[in-house]
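# Topology and contacts: notes
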Amino acid sequence: MSTIEKPATPKPKKPWAATPVDRSKTAGIILAAALISYVLVAVTPLKGKLAYAAVFFLAYLVIDFVVSYLKAGRPAAVDSLFRGLVTTAIAIAVTPIVSILVTVWVRGHKGFHWSLFTKDMHSNSFTDPIGQGGLLHAIIGTFLLVFFAMIISVPIGILTALYLTEIRGRFTRPIEFLVQAMSGVPSIVAGLFIYAAILIPFTKTVNGIQGSLALAILMIPTVARTSQEVLKLIPSDLREAGVALGGTQWRSVALVVVPAARSGLITAMILGVARVAGETAPILLLTGGSGTKNFNAFNGSMGSLPNYVWQAFAAGTPESIARAWAGILVLLVIVVILFTAARVLGNRKVGKK
Amino acid sequence: MTIESEDNQGDEMETTASKGSLSDIAAARLQKQPGSNALGVGLEARGVHAWFGEKHALANVSLDFWPGTVTALIGPSGCGKSTFLRTLNRMHEFIPTAAMAGEVLLNGEDIYAAGVDVTKIRLKVGMVFQKPNPFPSMTIAENVLAGLKLAQLKVENKDDLLEECLERAGLWSEVKDRLNTHGGALSGGQQQRLCIARALAVRPQVLLMDEPCSALDPGSTLRIEETISQLSSSVTIVIVTHNMQQAARVSDYTAFFLSDGGPGQMIEVGSTNEIFSRPKDERTENYVTGRFG
């Protein structure tokens, strides 16, 4: 046994991290930019929040550029200019999303009441005080509509993706083009298609499944394209290995390729659901907006969250508008839950339980 | 057409001023005579050509593989060795623009004849790929037995088969306590041996190996070579390799492929000993002594 003492392990450090001086410089630049924007808006005819933001970002970019130019020369200055531009772009992109979320929360939570989840509107009107009636029927309706849309579109979408990546037949190119084009179809067009193809000639009335069909039309391209991207990531080595072991192409795809892509395919499915959960236009046309719980998608008018929101806004009283915002909040929470689920399932390492 | 590893070998051999070092290894390996350990199977290529679209990649290769022997295919990159290998179990047709001509006889029957069930051919002629490719969604045990599921074969005792295949691939002792964990956690060399075990589980008569060690470290390479030596008594092995010492170590026969800008051709075939010590063709000699390539 050696008696030599082990040298003490040094403490981990980050010599490349920003020093307090660097931090105070950055703070100084931000402060200076804020000051300039305040002064400029005060002394010039510029007005409003937008003016503050615009002047702030411009001033920040200019000061940051000059400071790094003086400190480290032109390349560093250009580098920090681009970093500033990218940050600005991100800020502009995120602002409306955050704004929507905040607005929905601020307005929605006032109309929020637990009875929303236990009652429907069959004996209440939208103008009744909050706490009477609820949107249970709409939640049930939305779930049924989305469920049937999923049942229709997920197999079609995934099989389309399998055709595009595995079979690669003569029609691969045109179908790929069609799928891409279809993801741009306005939802009202999908609604009108079902309206003209099914509602007018056959059913002559509203019901849930028609809405599901229209939603499925919107969902298939999302599911197909996402699945295709996921399947493309599976190395062709695995396909060859499956076939080289004496499997047919079908068995190789079913036993090797699809299981390897499983979590990604689940993500594709959930993204498709999230895409259509809030669709309004086809629902308004095709499913009606009953205020009563309807568990049968094949018969009778069916409420849904988008329809509930639309009707509540149309009623126009403070109570009904509060109800509408609460409906939006519930819908948004459902969509956020779905996206989170997609993220969690998609990030799971292949093979792990 | 320069290959790094071969350059290195060339340097090495010139400095030791001997092609003897290589041929000695080859001589030591050449114990098996053609026909010994015969399994009653044979793989014979007759005038095989291959194309990718308009490109004629391989011209007129005729080559026999004796049962129970190891044959190495050597040659510079782009000379058609891998393409030839893939014509032997009909993996060539996996590439959309591929075409071929000639015959490949397995037990005397052309595998390209009309009406032949291609999946049955691939069961008899298995393949190990350049990069280890265990199926990511399956455990180690499931990987080994994947061929049974893929080809819908029935087996009496799966546990025995599992142990036997892993044993033959030289992996059993390393994984026997974690058969139900996923193959991705294994090292590259272990993954490659897992792929060998997987290929063995459907009991192929011939095993094609496409540069099976090119992605592995020397230690793992050695283990795979040991595995190949052990397997060679029961399975006909065809191995493509860029490593000439490996060819000399593991193979009974060596075929040299070369492309002079046109389609790849087989220049010479013979016992590994002959190819490395007294090749008949000057180009072969230049290649195995490291003067080019």
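Residues numbered from 1 in each chain as written. Chains lettered and ligands numbered in written order. Predicted model: local features only at pLDDT ≥ 70, side-chain atom pairs only at ≥ 80, totals over all residues.

### Looking at the overall build of chain B
Along its length, chain B carries 13 helices and ten strands. Split into buried and exposed, the 293 residues of chain B put 48% on the buried side. Taking as baseline every contact in chain B between residues at least 6 positions apart, the subset at least 24 positions apart corresponds to 73%. (Helix = DSSP H or I, 4+ residues; strand = E, 2+ residues; numbered from the N terminus. Buried ≥ 20, exposed ≤ 12 C-beta atoms within 10 Å, placed from the backbone. Contact = placed C-beta atoms within 7 Å.)

### Structural notes on the overall build of chain A
When helices and strands are counted, chain A shows 13 helices and zero strands. Reading chain A from its N terminus to its C terminus gives the helix and strand order α-α-α-α-α-α-α-α-α-α-α-α-α. In terms of its C-alpha atoms, chain A occupies a principal-axis envelope of roughly 80 × 70 × 55 Å. Across the 353 residues in chain A, those meeting the buried criterion constitute 37%. Taking as baseline every contact in chain A between residues at least 6 positions apart, the subset at least 24 positions apart corresponds to 70%.

### Section: the domain arrangement of chain A
Residues and elements named next belong to chain A. Looking at chain A, the domain boundaries give domain 1 (21–110) and domain 2 (136–347). Taken residue by residue, the interface counts six residues in domain 1 and six residues in domain 2. Counted by class, the side of domain 1 that touches domain 2 contains two nonpolar, two polar and two charged residues. (Domains from an automatic or database assignment. Nonpolar A, V, L, I, M, F, W, Y, C, P; charged D, E, K, R; others polar.)

### A look at the packing of helix α6 (residues 187–203) of chain A against helix α7 (residues 208–232) of chain A
When two helices pack together, their arrangement is given by the angle between their axes and by how far apart the axes lie. All names here are of chain A. Interaxial distance between α6 and α7 falls to 9 Å at its minimum, and their mutual angle equals 145 degrees. Crossing handedness for the pair α6 and α7: right-handed. The segment α6 lies against α7, with Ser187, Ala190, Gly191, Phe193, Ile194, Ile198, Leu199 and Thr203 engaging Gln210, Leu213, Ala214, Ile217 and Leu218. Tallied by class, the residues present in the contact of α6 with α7 amount to nine nonpolar, four polar and no charged. (Axes fitted to C-alpha atoms, helices over the stretch in contact; angles between N-to-C directions. Left-handed = near helix turned anticlockwise from the far one by under 90°.)

### Overview of the interface of chain B and chain A
Opposite the 23 residues of chain B that make contact, chain A presents 21 residues. At the level of elements, α4 (118–124), β6 (125–128) and α6 (146–151) of chain B are the ones that each hand at least two residues to the side of chain B that touches chain A. Sort the elements by how many residues they give to the side of chain B that touches chain A and α6(B) lands first, with five residues. In terms of residue class, the side of chain B that touches chain A is built from eleven nonpolar, eight polar and four charged.

### Focus on helix α10 (residues 218–231) of chain B
Residue and element names in this part refer to chain B. Between its first and last C-alpha atoms α10 spans 20 Å; for 14 residues at 1.5 Å apiece the expected length is 20 Å, and the two agree. Of the positions making up α10, those classed as buried are Arg223, Ile224, Thr227, Ile228 and Leu231. Angular distribution of buried residues about the axis of α10 spans 145 degrees; they occupy a single face of the element. Exposed residues on α10 whose side chains face more than 90 degrees from its buried face are Pro218 and Gly219. Buried residues along α10 sit against β3 (70–74), α7 (158–168), α9 (188–200), β7 (206–210), β8 (236–240) and α11 (244–250). (Expected span 1.5 Å × (residues − 1). Arc of directions from axis to C-beta.)

### Overview of the pairing of β3(B)
Along a regular strand, successive side chains alternate from one face of the sheet to the other. Residues and elements named next belong to chain B. The buried count for β3 comes to five of five residues, which makes it a mostly enclosed element. Across the two faces of β3 the burial is the same, with Val70, Ala72 and Ile74 and Thr71 and Leu73 all buried. For β3 and β8, the ladder comprises four bridges, and the chain directions are parallel. Bridging from a neighbouring strand, Thr71 pairs with Val238 of β8. Taken together, the four bridges between β3 and strand β9 (residues 253–258) define a ladder with parallel strand orientation. Looking at the pairing, Ala72 lines up with Thr254 of β9. (Pairing = 2+ DSSP bridges.)

### Details of unusual backbone geometry
Phi angles above zero are rare outside glycine, and A:Lys204 is one such case at about 60 degrees. With respect to the helices and strands, the residue A:Lys204 is situated in the loop between α6 and α7. Unlike most non-glycine residues, B:Glu211 shows phi in positive territory, near 45 degrees. You can see B:Glu211 is positioned in the loop between β7 and α10.

### Structural notes on the nonpolar core
The biggest cluster of nonpolar side chains holds 145 residues, and the ones touching the most others in it are B:Ala197 and B:Val238. Excluding its chain neighbours within four sequence positions, the residues that come into contact with B:Ala197 are B:Val144, B:Cys165, B:Leu166, B:Ala169 and B:Leu171. Ranked by size, the runner-up nonpolar core spans seven residues in total, among them A:Ala33, A:Val55, A:Ala59 and A:Leu61. (Core = buried A, V, L, I, M, F, W, Y, C linked by C-beta atoms within 7 Å.)

### So, the packing of helix α1 (residues 20–43) of chain A against helix α2 (residues 48–72) of chain A
Residues and elements named next belong to chain A. Running from N to C, α1 and α2 cross one another at 135 degrees; their axes reach a closest spacing of 8 Å. Between α1 and α2, the interaxial angle falls into the category oblique. Between α1 and α2 the crossing geometry is right-handed. Each of Ile29, Ile30, Ala32, Ala33, Ala34, Ile36, Ser37, Leu40 and Val41 in α1 lies in contact with α2, whose residues at this interface are Ala51, Tyr52, Val55, Phe56, Ala59, Tyr60, Ile63, Asp64 and Val67. (Parallel < 35°, antiparallel > 145°, perpendicular 65-115°, else oblique.)

### Observations regarding the sheet that holds strand β4 (residues 98–106) of chain B
Residue and element names in this part refer to chain B. If you trace the four strands from one edge of the open sheet to the other, you get β2-β1-β4-β5, paired in antiparallel fashion. Both outer strands of the open sheet, β2 (55–65) and β5 (109–110), are each paired with one neighbouring strand and no more. Pairing of β4 with β5, which is carried by two bridges, proceeds in the antiparallel orientation. Its bridge partner lying in β5, Leu105 is registered against Asp110.

### As for the sheet that holds β9(B)
The strands that make up a sheet are held in pairs by hydrogen bonds between backbone atoms, and each pair lies either parallel or antiparallel. Residue and element names in this part refer to chain B. The strand order across the open sheet built from six strands is β6-β7-β8-β3-β9-β10, with neighbouring strands paired in mixed fashion. A single partner strand is all that each edge strand has here, and the edge strands are β6 and β10 (265–271). Strand-to-strand twist of the sheet, defined as the mean angle between neighbouring strand axes without regard to direction, takes the value 20 degrees. Inspection of the sheet shows β9 paired to β10 by six bridges, in the antiparallel sense. Bridging from a neighbouring strand, Phe256 pairs with Glu268 of β10.

### Quick look at the pairing of β7(B)
All names here are of chain B. Buried residues dominate β7, accounting for five of its five residues. Residues of β7 alternate between two faces, with Val206, Leu208 and Asp210 on one and Leu207 and Met209 on the opposite face, all of them buried. As paired strands, β6 and β7 are joined by four bridges and run parallel to one another. Of the residues in β7, the one forming a bridge with Met127 is Leu208. Across five bridges, the pairing between β7 and β8 is parallel. The partner of Leu208 across the bridge, within β8, is Val238. The handedness of the β7 to β8 crossover, carried by α10, is right-handed. (Right-handed = clockwise from strand over helix to strand, strands pointing away.)

### A few points about α1(A)
Residue and element names in this part refer to chain A. Across its 24 residues, α1 extends 34 Å between first and last C-alpha, which sits within 8% of the 34 Å expected from 1.5 Å per residue. For α1, every residue scored as buried is listed here: Ile29, Ala33 and Ser37. On its buried side, α1 packs onto α2.

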